[in-house]
Amino acid sequence: MTHEELQIALTLGVIALTLIAFIREWAAPDVIALTVLCGVVALGLIDPGDMSSVFKNEAPLAIAALFVIGGALEASGAVNHIGRVLRERLPGNIRMAILGFSVLACFFSAFMNNTAIVAILLPVALGFARSKDVAPSRLLMPLSYCSILGGVCTLIGTSTNLLVNGTLKDMKMEPMTMFQLAPIGIPLSIAGIAYLTIFGPKLIPSRSTISGSLEIKDRATPLYHILIGENSPLIGKPLKDTPLFDRSKHVHIMEVRRKGAREMHSLNRLTVEKNDRFLIALHGRSGKAAKAEELSAEIGASLLSTIDGVVTELVIRDESSLAGRTLAKSDFRQRYNSMVIAVHRNGVNITHQLAEIPLETGDTLLVITAINNLAALDETRDFVLTDLPDQAIASDENPKPRHHAWVSWAVLIGVVLVATLTDVLGTGKNGKGVISWLPIIPIHYAAMVGALALLWSKIVTPREAYASIDWQVLLMLYGLLGLGLAMQSTGTAKWLAEGMVHLAQGYVSPVWMPLVMLWLVYLLTLLLTEVLSNNATAVMMVPIVVTLSASLGVSHWPFVMAVTVAASTAFALPMGYQTHMMVYGPGGFKFTDFLRVGIPLNIICWIVACLLIPIIWPFHPV
């Protein structure tokens, strides 16, 4: 075996291990990706000196700046306000509701992070579903799907588009423009929205949220402050042996204060003392719970005050610090001032032994908390708040001044216009352009200036800016870029591309070869994206298709566009995209629901894209 063959074999081995690690979830995606980066250097697949070139890629920088701008829009309440107006004015007709929320999600996701759009519109869609008495599942699945379709329309619509663009630049090739994807993204969005609007009410099953399936009809629940009196029979007893731990009374202990300080120990270890103050909720299914006055009299306590509480749902984010930890190990009650009463996972409601169940990304927690604690829960970025009751929405006053929304929109529009107009009118390194003195301003620079404008104008604080960035995504991108570099430097991309061509040559005429390979490249990318990270798939496929196009003697653009679109249009499996996992629990979905609705949508996008791409980007441009 020659040195080159050995390097190709090692690279293929790394690719196989990477695929398995992502599918089996051996570790967090960013940990896997950075391990791959260090691994390809250790194996000699890329030179240690070339490792730093990975961090010169501008895509993660652009994505980070756009996260800040998107975070400013999210915090200003601009999208949330539009969503609430839509909720109030849409009729109860399910098709019109699907159409309205789909168009809104599609439009905003073309310019903002998809997960942020879904996080904003989730409570709005669920509030609409409750007010119109429709199944929330029929709105949540289109919401996820259309946020993905909208992201295909612009360069900044999703991190995958920017990553593909950065990879092209690393390969010394012409980059994409801001709206270069629009001629294919807009038709796909129209086809997808039409499919969901027409067939969605029939195909999407009517599923209930976790609170609905547990027959929790009254989401508002008062929380009581009670004080243990000096003659209480509970004094000196372990807390777990008192009526406060009696499951039949449906008492939920939210907080224990002793001598003015919160007790941060486990409730199982506490012994009741005189003047202990408890914050409790009395909440059971269909109103089956003890009465506050009766319980206070039984345990010899005084009822001090009542505050407004709420039963709400929280979805574990993919970057949540809770993923992989149990409620007990995370000190959930003390840390979040909330009590978990059920966990929804994979279509099953778990209500027993909750403290010892390791939490997973996408789990939906049914919790009791104070209404005034909702903002603090949202700020942790460990959860997506998905099911706020009307009382909570009404009391949730946006602390941001109104001009914050306008300035945030102005910055985003300015970034898009600057990057677009300078690309069209400016003069590049080749000396070609309409205006000789106008340079081409790349998207990462425009986005960075926009983010700085928001910081200098105090629309966002530095802490808010850092919190809005999904660092896991950025680190994962840097790690995966190393794998793409290894595929190019070792000749693995060339070997795979030539292998695909040789395999097809015995069955396909040379005239039809580019078109057949386009359809196969799209399908292969789609299948990998369903089980793998979309960014990982794009990084692996771009070097292969660029080499493939050179082998066929045709333009690389049709194949690059096929990879870009296919890597962002995975609808068949809930783990295929982050937004699917965000709606999976709140919608009460089952695994087969996504197969039933997503496979036809995958086929529609495959056919539409592969028919239009050769027309928009010919194999043999004039």
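Trainee: Looking at this model, I keep getting lost on the side chain of Asn114. Mind explaining?
Mentor: Tracing the backbone shows Asn114 in helix α7 (residues 114-132). Residue classification places Asn114 among the buried residues on the basis of a relative accessible area of 4%.

Trainee: Would you take a moment to explain the pattern of salt bridges for this structure?
Mentor: Should their charged atoms come close, side chains of opposite charge can pair. Counted according to the given criterion, the structure contains 10 salt bridges. The shortest N-O distance in the salt bridge between Glu273 and Arg258 comes to 3.4 Å. With Glu273 in the loop between β3 (261-262) and β4 (277-282) and Arg258 in strand β2 (residues 251-258), this pair connects stretches of sequence that are 15 residues apart. Residue class for Glu273 comes out partly exposed when judged on its relative accessible area of 36%. The exposure class of Arg258 is buried, given its relative accessible area of 15%. The salt bridge partner of Glu360 is Arg345, with a shortest N-O separation of 3.7 Å. Here the residue Glu360 occupies a position in the loop between β7 (348-350) and β8 (364-370), and Arg345 occupies one in strand β6 (residues 338-345), the gap between them amounting to 15 residues. For Glu360, a relative accessible area of 39% gives the class partly exposed. Judged by relative accessible area, Arg345 falls into the buried class, the value being 15%.

Trainee: Got a minute to help me understand a nonpolar patch on the surface in this structure?
Mentor: Residues Leu61, Met448, Leu452 and Trp456 make up a contiguous nonpolar surface patch of roughly 430 Å² in combined accessible area. On the secondary structure map, Trp456 appears in helix α17 (residues 443-456). Look at Trp456 and you get exposed, because its relative accessible area is 73%.

Trainee: It is not clear to me how the packing of aromatic side chains should be interpreted in this structure. Could you clarify?
Mentor: Any two aromatic rings considered together are summarised by their centre-to-centre distance and by the angle between their planes. What the rule picks out here adds up to 15 aromatic pairs. Between Phe107 and Phe111, the aromatic rings sit 5.8 Å apart at their centres with planes inclined by 65 degrees, giving edge-to-face as the arrangement. According to the relative accessible area criterion, Phe111 is partly exposed, its value standing at 22%. Centroid distance Phe589 to Phe594: 5.5 Å. Interplanar angle 70 degrees. Geometry classified as edge-to-face. Residue classification places Phe594 among the buried residues on the basis of a relative accessible area of 0%.

Trainee: Any chance you could explain the packing of helix α8 (residues 137-151) against helix α25 (residues 591-616) here in plain terms?
Mentor: A pair of packed helices is characterised by two quantities: the angle between their axes and the separation of those axes. For the pair α8 and α25, the least separation of the axes is 12 Å and the interaxial angle reads 30 degrees. Viewed along their axes, α8 and α25 adopt a mutual orientation that is roughly parallel. Crossing hand, α8 versus α25: right-handed. Judged by residue contacts, Met141, Tyr145 and Leu149 of α8 engage Asp593, Phe594, Val597, Gly598, Leu601 and Cys605 from α25. Residues of the contact of α8 with α25, tallied by class, amount to seven nonpolar, one polar and one charged.

Trainee: Help me understand the pairing of β6 in this model?
Mentor: Regular strands show a simple pattern: their side chains alternate between the two faces of the sheet. Counting buried positions along β6 gives eight out of eight residues, so the element sits mostly inside the fold. Pairing geometry for β6 and β8, over six bridges, is antiparallel. Each bridged residue has a counterpart across the sheet, and for Ala342 the counterpart in β8 is Leu366. Note: β6 against β7, three bridges, orientation antiparallel. Across the sheet, residue His344 finds its bridge partner in β7, namely Asn349. Once β6 ends, the chain turns through two residues before running back antiparallel as β7, passing Asn346 with a positive phi of about 50 degrees.

Trainee: Could you clarify how one ought to interpret the confidence of the model for the protein chain in this entry?
Mentor: In low-pLDDT regions, the fine details of the predicted coordinates are not to be read closely. The pLDDT averaged across the protein chain works out to 84; a share of 93% of its residues lies at or above 70. Across residues 389-398, confidence stays below pLDDT 50; counting only partners more than four residues off in sequence or on other chains, it has 17 contacts.

Trainee: It is not clear to me how the side chain of Thr422 should be interpreted in this structure. Could you clarify?
Mentor: Relative to the elements of secondary structure, Thr422 occurs in helix α16 (residues 402-425). Excluding residues that lie within four positions of it along the chain, Thr422 makes contacts with Leu417, Leu438, Pro439, Ile440 and Ile441.

Trainee: How should the pairing of β2 be read in this particular structure?
Mentor: Summarising burial for β2: seven of the eight residues are buried, a large majority. Pairing of β2 with β4 involves six bridges; the strand directions are antiparallel. Counted as the bridge partner of Glu255 is Leu279 from β4. Taken together, the two bridges between β2 and β3 define a ladder with antiparallel strand orientation. Looking at β3, one finds that Arg257 is bridged to Arg262.

Quick notes on the rules
- Residues numbered from 1 in each chain as written.
- Predicted model: local features only at pLDDT ≥ 70, side-chain atom pairs only at ≥ 80, totals over all residues.
- Heavy atoms only, no water.
- Helix = DSSP H or I, 4+ residues; strand = E, 2+ residues; numbered from the N terminus.
- Buried < 20%, exposed > 50% of the residue type's maximum accessible area, 1.4 Å probe, protein only.
- Salt bridge = Lys/Arg side-chain N within 4 Å of Asp/Glu carboxyl O.
- Patch = residues over 30% accessible without salt bridge, like charges linked within 9 Å, V, L, I, M, F, W, Y side chains within 5 Å.
- Areas by Shrake-Rupley, 256 points an atom, 1.4 Å probe, with all protein chains shown as cover.
- Phe/Tyr/Trp six-rings, centres within 6.5 Å; stacked < 30°, edge-to-face > 60°.
- Axes fitted to C-alpha atoms, helices over the stretch in contact; angles between N-to-C directions.
- Parallel < 35°, antiparallel > 145°, perpendicular 65-115°, else oblique.
- Left-handed = near helix turned anticlockwise from the far one by under 90°.
- Contact = heavy atoms within 4.5 Å.
- Nonpolar A, V, L, I, M, F, W, Y, C, P; charged D, E, K, R; others polar.
- Pairing = 2+ DSSP bridges.
- pLDDT = per-residue confidence, 0-100.

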